[in-house]
Every structure is written in C-alpha cells, then in structure tokens.
Amino acid sequence: MNDQQHLPDNQPQEHVFQGIGASKGIAIGPAYLFLHKEIENSYDKLVPERLEHEIEKFLGALQRSEKELEKIERVTTQKLGQAYSDLFQAQIMLLHDQVLIESIIRRIRDEKKPAQLVIDEEFDNYLEHFKKSSETLFQERAQDLVDIKNRIIRNLHNQKLQSKIPEGMIIVSTNLSPADIILFSRNNVKGFVTETGGVTSHISLICKSLNIPIIVGLSNFTQKISMGTPLVINGGDGTAITYPNDDTVRNYMDKMAEDSKIEAVASKLASAPAVTKCGIRLHFYSNIDVKEEIPSIRSAGAEGVGLFRSENLFIDNTKPPKETEQTEYYREMAEALNPEPLVIRLFDIGGDKLIYSPISEPNPNLGWRGIRILIDVPEILDAQLRAILKANGSENIQILLPMISSIDEIMAIRDTLEKHVTDLDKSGIGFSKPELGAMIEIPAAVEIIDEITKAVDFISIGTNDLTQYTLAVDRNNEIVQDLFDKFHPAILRQLHRIITAACSNNCRVSLCGDMGSDPLALPFLVGCGLKEFSVVSADIPQLKTLARLFTVDETRELVKDCLNLPTASKIKDRLKKFQADHVVAEQEEADDN
C-alpha cells in the first residue's frame, strides 16, 4: 500500500490488535504472510539398496545448509558487524559436529529410517533439555537448533530458501528466525509481526539494530489477515491495525514525521553529555552480550557497559569457559573500554540449564539458579572471580551478583572474593580488586533493600525479573504476557523504595531492565532519584534528548502523582500526558526562537 493511498469505501472494518512492542518504529503497508511449509515425515523403512543414497542426500543437505549460512553470515557482518554474525558461525560449527553426524548416519544404516526422521529425532533429543528451560537465553538456544534442523530438512528435499519478497511489505509470520530477519531486511521490509517471541529474543535485538519495527507475541494474528491486508504497526507499544481508515493512517503518518524529527535531534546529541533541563547530569551505559558490541556502543553515546551478561560465554561452550579464557576475554573488554566502566554480571544460569547437571526442576525460575549455583558449585565461582581479578589491570571492572535474596549470599561471595585476593597477593600475580554490586530483581531483596545498600558498593535494578516475580507472571509465557506490565502500581512503588534507600545510604544505583529504555518511564525514574541507566545502545540518543525536556522538580511532582494512582492504565495516561506536554512546550519554544 502506498503511504498516500486511500482505501476503497467498501473496505473491511478497521480492527486493532495488541501484541508486544519489541523494536520501536511505525510501519504502514501491506501484509506479506510468511508461513513455513511443514514437510511430513515418512515412517516407511528404507530398502537396503537405498541406504547409501539416503546418507548421500543427508551429507548434501549439510553442504547446502553450510553455504546458505555462510551467505547469511556475510550479509550479517556487512549490516551489523561481528556480534550477530557469530550466531550463524555457531550454527555452521554444529554442521561439522562429528558426533551428531556419525550418529545420524549410523542410525540410517542400522534402523533403516529415512534421514528426515532420524534428524528430527536426534535434534529433538538434544532440544528436550533446552525446551524445559524457562530461561530466555536457553530458549533462544533451542530456537537456533530448531532453525538449523529445519534448514537441513528443507535442503534434504531440495526446497529453495525463500529470501526475496516484494519491497515495502510488513512480514507477518508464526515465528521468524534471525536468518529470516537478516535476509528479508535486504528487501526493504517495513516491519515484522510474529505470533511468538519476546522483547529480548535475537530477532527483536536484530530488528532494533536494523531500526526495523517488530511486534512479537501477537497470538493467532496469521489467522486474522491474508496476503496484502493493509496494516499499520507500532513497534513501540505493540499496536497492530488491520484495514486502517484514512484518519488512522494520517495520524500515524504525522507521528512518523514527528518521531523522525526527534530522532534527528537525538542523533546530534548522542555524543553530548546527558543532562536534564535544569542541568542535572544523567549517565547512560549499554547492556551487551558479547565483546564485539563495544565499538558500536560509543557511537550511540554510551559511557561504558552497565551490564555484560557473562553467561553467554557459558552457553556458547555448553560448560563454563576456562579461567584463562575468561581472563583474556574480560581483559580485552576492560582495556577497550578504559577508563569507562565494565560491569560483569556473574554467570546467571539455572540448575536445569547446566549441560552436565542431572537435575531437572519443575519450576527452575524458583529453583537452583543465579547466586545459588555460584555458591553451591565453587569451581564455577572461583574461576570467574579469579579471572576478573587478574583481568582488572585497568581498574574499571565491577562485579554484579545475580538473583540476590539475602545478606548471607552477599557475604558468602565477598568472603570468597577476599580469599582469592589474599591468594593472588601471596603468589605475586598481578590483580586489582573490583567493586561489588547486587542485582535487585526479587521482592525479598526489596524488603531488605536498606541492609543490601549498606553491604555493597552499588545496586542494579533488574526490572524484567522483578516484574515477573512481583506479579507472578512468567514474562516468556505467551498466555499471560498481557499481564506483564512494568507500570503496575506495585512495580513503581518498589522502584521508588529501592532508589530512595540507595540514595539515603550513599549506594550507587542503576537500572538495567527494559524499563530503562522506555521513554515514558524516564521522567518517573529521574523523579525517584535515579541518575544511571544501562540500556540497549540504540535507545540512548532518544533518552538523552528527552531528558533535556524536563526539570527534576517537575519529575518529582510526577512521581507524587503516579505513586497515588491505583492502576497501570491511569499511570500510563499520566506519563503520556507529561511527555506530550513537554514535547509540545519544546516545539513552541523552538518556534518562538
């Protein structure tokens, strides 16, 4: 649909659907319904003379899959750099896994089963471990394995990879892989809508990096549209509109123009210090997963890394990396950032995600995870702490403890850290002792926030987990995702309590959850006293721009209002009014000048 095109008078009625906004931006255009073709398994046994032919088909499928992934890896490197291309390098490595390949070949010969059936069974056995996990990172790992399994099976049947579609479309699908996003982005797609996925999924992060809007978790949407259905999507708030009327299209086009102006100003301010209208200094840091992201965070205006998720090192190797590997990795990061800070969150993993662990838990989110594992499995903790101590020659590394629920846990880690400090000092090995901080992401931690902020050097608020634990809503459960609301009155009151306690005890406080990237939340958090934010790099320029529109006194009045409101909807209405009033005031001031 051309942006200026009027829809016919007999068009179907406009309908509004609500998903989850995972990459901001507005798109107006026709839907392209992208549905994966299911290839049915054959359960007929192979005749002996077909066995070697079936094995050759399988090996050929591996070769074609590798060529596809190499192409996707090159495109990804060109568009996004090394950080995301590593996703596909890991898949290529799996295609060379001799244990897996030999197992599949052996079973084709011994069991006389078709290659597709054996591939399905072998991958499903491996996937079973990851699918049981409620940890987002491991669910991503499972989705990557599903993607490569489907790729091999498609190539087994010589089916062509679909990578080209008409330009200017909004792709709607049940699910999309990172490879789908990368390839379709070459066709100047306007946006994506998926029925599955979450705000922290690979596809969401890639869309943010590409500045393409995406809505995830919009259940059954593929059944509500057809090829070419006129759409408007808002990747910021998750709204999808089918058959939008002329007024709706006009309003969204006006908003697109306004957003474009804001982004233009924001890009100019990216490298400037972040200050409020009254001159109060704010600090914005980046959340990252791999060291290759460091060059890009500076161009976005980040002042360092406020959260490095070190468990990615664990996952990529399916076991904790060696101490020497960790030391070198952390040292490279710290030296690249120096003198800016590098906050390393210790391995935040759950018991059912340890590849070598025999433990299977019915509810791992409330089980053996985070700091509990680190204390119970000292070899993991010891190697990571020693690596960080030895890597901290630049003296800019800080340690962040995950899933803290008691002072005892903090003391246990501090005692272990001191032991390694003493040992390294005696051995003459160079080291530097980092500051120690705690993640605040469990309601129990909020209840003892006064004690915690006296026991650590800094705290970082993880709003994603804090919200799901407080509201008893699994943020990865699509059935109840609409109940996961960071603006729930209970969450805002907790945040105010946490930040107030930290400021009173002279304990540095930052926020590293998705809420920190939300423009609506910014003035409320500043009004509570928060001055440090760790967010997705791409969001920093806009946040810096918005911070210049208000004074701290104004945000304090906003906080008073919000803390007295009874529902999330009323709170969001108040925050939207505050933002609108200040954007309009800024425009009027600019016009006067």
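Okay, so let's go over this structure. This structure is a prediction, so every number in the text was calculated from the model and none was measured.

### Focus: the overall build of the protein
Here is step 1 of the chain: Across its full length, the protein holds 22 helices and 17 strands.
Here is step 2 of the chain: A separation threshold of at least 6 residues defines the contact pool for the protein, and within that pool the share at least 24 residues apart is 70%.
Here is step 3 of the chain: Here the protein displays about 25,900 Å² of accessible surface, and carbon together with sulfur accounts for 49% of that area.

### Quick look at unusual backbone geometry
Here is step 1 of the chain: For the bond from Asn338 to Pro339, the omega torsion is 10°, close enough to zero to count as cis.
Here is step 2 of the chain: A positive phi is found at Tyr243, a non-glycine position, where the angle reads about 50°.
Here is step 3 of the chain: Within the fold, Tyr243 resides in the loop between β8 (239-242) and α8 (246-269).

### Brief notes about the packing of aromatic side chains
What describes a pair of aromatic rings is the distance from one ring centre to the other and the angle between the planes of the rings.
Here is step 1 of the chain: One pass over the full model with this rule turns up 6 aromatic pairs.
Here is step 2 of the chain: Taking 6.0 Å as the distance between ring centres and 20° as the angle between the ring planes, the aromatic pair formed by Phe308 and Tyr329 counts as stacked. Here Tyr329 lies in helix α11 (residues 323-337) and Phe308 lies in strand β11 (residues 305-309), a separation of 21 residues in the sequence.
Here is step 3 of the chain: Assessed through its relative accessible area of 0%, Phe308 is described here as buried.
Here is step 4 of the chain: A residue is classified by how much of its surface remains accessible, and Tyr329, at 15% relative accessible area, is buried.
Here is step 5 of the chain: On the numbers, 6.1 Å between centres and 55° between planes, the contact of Phe550 with Phe578 is tilted. Taken as a pair, Phe550 in the loop between α20 (540-547) and α21 (552-563) and Phe578 in helix α22 (residues 568-592) lie far apart in primary sequence, 28 residues in all.

### A short note on the pairing of strand β3 (residues 26-33)
Here is step 1 of the chain: With respect to burial, β3 is a largely interior element, 8 of its 8 residues being buried.
Here is step 2 of the chain: Pairing of β3 with strand β7 (residues 230-234) involves 5 bridges; the strand directions are antiparallel. When the sheet's bridge partners are listed, Pro30 is paired in β7 with Pro230.
Here is step 3 of the chain: Where β3 lies against strand β4 (residues 170-173), 3 bridges are found, and the strand directions are parallel. Paired with Leu33 across the bridge in β4 is Val172.

### Comments concerning the environment of Leu117
Here is step 1 of the chain: Examined against the element boundaries, Leu117 turns out to sit in helix α4 (residues 115-131).
Here is step 2 of the chain: Each C-alpha atom of the pair Leu117 and Tyr43 lies 7.3 Å from the other, and the pair is 74 residues apart in sequence.

### Quick look at the nonpolar core
Here is step 1 of the chain: Core analysis: the biggest nonpolar cluster contains 94 residues, and Phe308, Tyr330, Leu342, Ile452, Ile459, Leu522 and Leu525 have the highest contact counts within it.
Here is step 2 of the chain: Sequence-distant contacts of Leu342, that is, excluding residues within four places in its chain, are made with Val305, Phe308, Tyr330, Met333, Ala334, Leu337, Asn396, Ile397 and Gln398.

### Let's talk about the pairing of strand β10 (residues 281-288)
Within a regular strand, side chains alternate between the sheet's two faces.
Here is step 1 of the chain: Counting buried positions along β10 gives 6 out of 8 residues, so the element sits mostly inside the fold.
Here is step 2 of the chain: The sheet contact formed by strand β9 (residues 274-275) and β10 spans 2 bridges and is antiparallel. By the bridge assignment for β10, Ala274 is matched with Leu282.
Here is step 3 of the chain: Hairpin connection from β9 to β10: 5 residues lie between these consecutive antiparallel strands, with Gly279 at a positive phi of about 95°.
Here is step 4 of the chain: Bridge analysis of β10 against strand β17 (residues 532-535) gives 4 bridges, and the strand direction is parallel. The partner of Phe284 across the bridge, within β17, is Phe533.
Here is step 5 of the chain: Where β10 lies against β11, 3 bridges are found, and the strand directions are parallel.

### Remarks on the pattern of salt bridges
Here is step 1 of the chain: Within this structure, the stated rule accounts for 35 salt bridges.
Here is step 2 of the chain: A salt bridge links Glu435 to Arg508; the shortest N-O distance between them is 2.8 Å. Here Arg508 lies in strand β16 (residues 508-511) and Glu435 lies in strand β14 (residues 435-440), a separation of 73 residues in the sequence.
Here is step 3 of the chain: For Lys560, the salt bridge goes to Glu557, with nearest N and O atoms at 3.4 Å. Linking Lys560 with Glu557, this pair stays in helix α21, spanning 3 residues, or about one helical turn.
Here is step 4 of the chain: Of the residues examined, Glu557 reaches a relative accessible area of 43% and is grouped as partly exposed.
Here is step 5 of the chain: Here the residues in one salt-bridge network are Arg107, Glu111, Lys113, Glu121 and Glu122, joined through shared partners.

### Considerations on the side chain of Glu303
Here is step 1 of the chain: Inspection of the secondary structure assignment puts Glu303 in the loop between α9 (294-299) and β11.
Here is step 2 of the chain: Within the local environment of Glu303, its side chain forms a polar contact with the side chain of His283, the two groups lying 3.0 Å apart.
Here is step 3 of the chain: Setting aside residues up to four positions removed in sequence, Glu303 forms contacts with Arg281, Leu282, His283, Phe284, Tyr285, Glu340 and Pro341.

### Concerning the packing of helix α17 (residues 463-471) against helix α18 (residues 489-504)
Here is step 1 of the chain: Contact geometry for α17 and α18: axes closest at 10 Å, N-to-C directions at 125°. With respect to each other, α17 and α18 are oriented oblique. In this structure, α17 meets α18 at a crossing whose hand is right-handed. Side by side, α17 and α18 meet where Thr463, Leu466, Thr467, Thr470 and Leu471 of the first sit next to Ala490, Ile491, Gln494, Leu495 and Ile498 of the second.
Here is step 2 of the chain: Its residues assigned to classes, the contact of α17 with α18 comprises 6 nonpolar, 4 polar and no charged.

What counts, and at which threshold
Residue numbers restart at each chain and count upward from 1, following the sequence in its written direction. pLDDT decides what is reported in this predicted model: residues at 70 or higher carry local features, side-chain atom pairs at 80 or more are listed and counted, and totals for whole chains, interfaces and linings draw on all residues regardless. For the side-chain quantities, the full set of heavy atoms in the structure was used; hydrogens and water were omitted. A helix here means a DSSP run of H or I that spans at least four residues, while a strand means a run of E at least two residues long, and both kinds are numbered starting from the N terminus. Contacts are assigned to residue pairs that have any heavy atoms within 4.5 Å of one another. Per-residue accessibility takes into account occlusion by the displayed protein chains alone, with areas from the Shrake-Rupley method and a 1.4 Å probe. Between 30 and 60 degrees the pair is tilted, below 30 it is stacked and above 60 it is edge-to-face, where a pair is any two Phe, Tyr or Trp rings, Trp via its six-membered ring, whose centres lie within 6.5 Å. The buried label applies to any residue whose accessible area, calculated with a 1.4 Å probe on protein chains only, is under 20% of its type's maximum; exposed applies above 50%, and partly exposed to all values in between. Pairing between two strands is assigned when DSSP locates at least 2 bridges connecting them. Residue types Ala, Val, Leu, Ile, Met, Phe, Trp, Tyr and Cys, when buried and joined through side-chain atoms within 4.5 Å, form a set referred to as a nonpolar core. Salt bridge criterion: a side-chain nitrogen from Lys or Arg within 4 Å of a carboxyl oxygen from Asp or Glu. Polar contacts, as used here, are pairs of N or O atoms within 3.5 Å; protein pairs need one atom able to donate a hydrogen and one able to accept it. Residues neighboring in sequence count only if both atoms are side-chain atoms. Throughout, an axis means a line fitted to C-alpha atoms (over the contacting stretch in the case of helices), and angles, computed between N-to-C directions, take values from 0 to 180 degrees. Note on angle classes: values under 35 degrees are labelled roughly parallel, values over 145 roughly antiparallel, values of 65 to 115 roughly perpendicular, and the remainder oblique. Crossings are classed by handedness, with left-handed meaning an anticlockwise turn of the near helix from the far one by less than a right angle and right-handed meaning a clockwise turn. Gly is put with the polar residues, along with every residue not named as nonpolar or charged; the nonpolar set is Ala, Val, Leu, Ile, Met, Phe, Trp, Tyr, Cys and Pro, and the charged set is Asp, Glu, Lys and Arg.

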